[in-house]
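# Structure assessment
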Amino acid sequence: MKKISFLLRLRRHFVVKLIGASLLSIGIIAASYFIGNSDIPMPDEMKVLRTFDNIMKFSGQYEDNVPDSILLVNVCYDKQLVDYSVHDIPVGQFVITDREKLLRFLTAAYEADNYRYIMMDVFFEHNIKSPQDSALFATIRKMNRIVIANHTDSHLSDSLLKKKSAYADYTVTWKVTKFSHFQFTRDGDEPTMPLRIYEDLTGKTIKRWGPFYYSDGRLCKNAITLNIPIRVAEDYSLETPNILEKRYEFLGADILAHDSIYPISMQLENKIVIIGDFMTDVHDTYLGPQPGSLICINAYNALQQGDHYFHWGWAFVQFLIYFIIGYFLMSNLTFARMVPNVYLRMLFFIFSVPTILLIVALIAYVTTGYVYNMYIPTFLYWLYQFIYNIYMKSKMRVK
C-alpha cells in the first residue's frame, strides 16, 4: 500500500512538472511575441548582433552588399540656404536639401515612370519654405509609387503631402541608445516607410486585432530585431581588381550632371530608388554607423523575406527547448549531474540557461539569418528561479 501511494505521488509530481514546464514554455513564447511587438529595444541586442556578425565576417559569409535592383541617391552635398523664422520672426537662414535639384530629378522620374519605387528619406518641415515648394510638392502628389519621410513629433510643410508620407522613426531608450529594433506600425497603427513600400508593391499590409498582428491572413510580428544584409561601409567598393565602383550616386554631381550622357530614365529603370543623406543622417548599429535610409530599406527587405511572419515550426522548436530547460529547473536538475564522467561533467557546468540560449541564437543566425532575441526567455527563467527560491525559503521558515 505504501509503495502504491509512493508511486502515485511520484506520478503526480511528474505530471505537475510536465504541465508546469509546458505552461512556462507557452508563457515565454507568448511574452516574447507581445513584448517583441512593442517599440522597446531589448538590452544587449547590439552586443549579441555584433558578436554574430563578426563570426559571419570571419567565416567569409558576409560582405558589404547593395543589390543591383536598388539605386542609392546621396543628397548630402546638395544643399541650399533658405530664410528661417521662429514664431514668424526672421532669425536668419537654414540649410536644407536642394529642392530645385529634387524637383528636376522627380520631374524626370515622373515623366519616365519606369522606376519600381522611390523612397525619399527627406523631410519637408512645415516652417521651412523654398521658392520651389509649390512645383515640387505638386510633382510629388501626382507621382505613383513614392513615399516621403514623416516624423511623429513634427508637421509636414504641405498637409496634402500626408498621403504620400510615412514614418521614418525608430525608438531608443536611456539604456539602449543604438539601433537594433524596428517597428513596422507606430502611433495609431500608422505605417512606417518600409511598410508603406511593402503595401504599395505587394498589396499586403500588417493589421492589428487586439494584441495580435496579421499579414496576408497569417499571424505576424509588428516589430523585429533587424538584420542588416544591405549595408554600406565605404563610399567605393573594389568590385573587380583595380576598378572602384561607387556604392551610391550623388544627386547633383552624378545623376543630374550626366543626364545628357546617361539619361535619368535609364538609371531609374525597374529600380527601387533610395534618396537620402548617407553621410550625416547615420545611426549606430551592430555594424557600426549606417545611414538611416539603409535601415529603412533593410526593414522593407525583411518584410519581403517574410521575417515578420510568426513561424510555427520555429515556435515548436522553441517550445521543446524551453520545455526541457523548464523541466530541469522544476526538477532541480542540471546537465552536469546526468554525466557520469567527471571531466565531461566539468564541461557541462558551463551550460547555464543563457549559454544554451546563446548557442540556439547563434545556430539560428548562422543557418537562416534569423535574429533570435534571447533576453526575454533568459529574464523569465531568472524570474522563475527568483520566485521559487523565495517560496522555498518561506517554506523552510514555516517548518
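Data block above holds the structure.
First things first, this report covers the structure right here in the doc. Being a predicted model, the structure only gives us computed values, none of them experimental.

### Considering the pairing of strand E19 (residues 288-291)
- By the bridge criterion, 4 bridges tie strand E18 (residues 282-285) to E19 in an arrangement that is antiparallel. Bridge pairing in E19 links Asp284 to Pro289.
- Counted along the chain from E18 to the antiparallel partner E19, the turn is 2 residues long.

### Observations concerning the sheet that holds strand E6 (residues 165-167)
- Taken together, the 6 strands give an open sheet; going across it, the order is E6-E5-E4-E17-E1-E16, and neighbouring strands pair in parallel fashion. Of all the strands in the sheet, the pair left with one neighbour each is E6 and strand E16 (249-250).
- Two elements, strand E1 (residues 70-74) and E16, share 2 bridges in a ladder whose sense is parallel. Looking at E16, one finds that Asn74 is bridged to Phe250.
- Running over the sheet, helix H5 (residues 193-202) touches strand E4 (117-120), strand E5 (146-150), E6 and strand E17 (272-276) and is turned about 165° from E4.

### Concerning the sheet that holds strand E12 (residues 218-220)
- Pairing in this open sheet of 3 strands is antiparallel, and the strands run E10-E11-E12 from one edge to the other. Each end of this open sheet is capped by a strand with a single partner; those strands are strand E10 (207-209) and E12. For this sheet, the mean angle separating the axes of adjacent strands, direction not counted, is 45°.
- Pairing of E10 with strand E11 (residues 212-215) involves 3 bridges; the strand directions are antiparallel. Pairing of Lys207 across the sheet is with Tyr214, part of E11.

Rules used in this analysis
Residues numbered from 1 in each chain as written. Predicted model: local features only at pLDDT ≥ 70, side-chain atom pairs only at ≥ 80, totals over all residues. Heavy atoms only, no water. Pairing = 2+ DSSP bridges. Helix = DSSP H or I, 4+ residues; strand = E, 2+ residues; numbered from the N terminus. Contact = heavy atoms within 4.5 Å. Axes fitted to C-alpha atoms, helices over the stretch in contact; angles between N-to-C directions.

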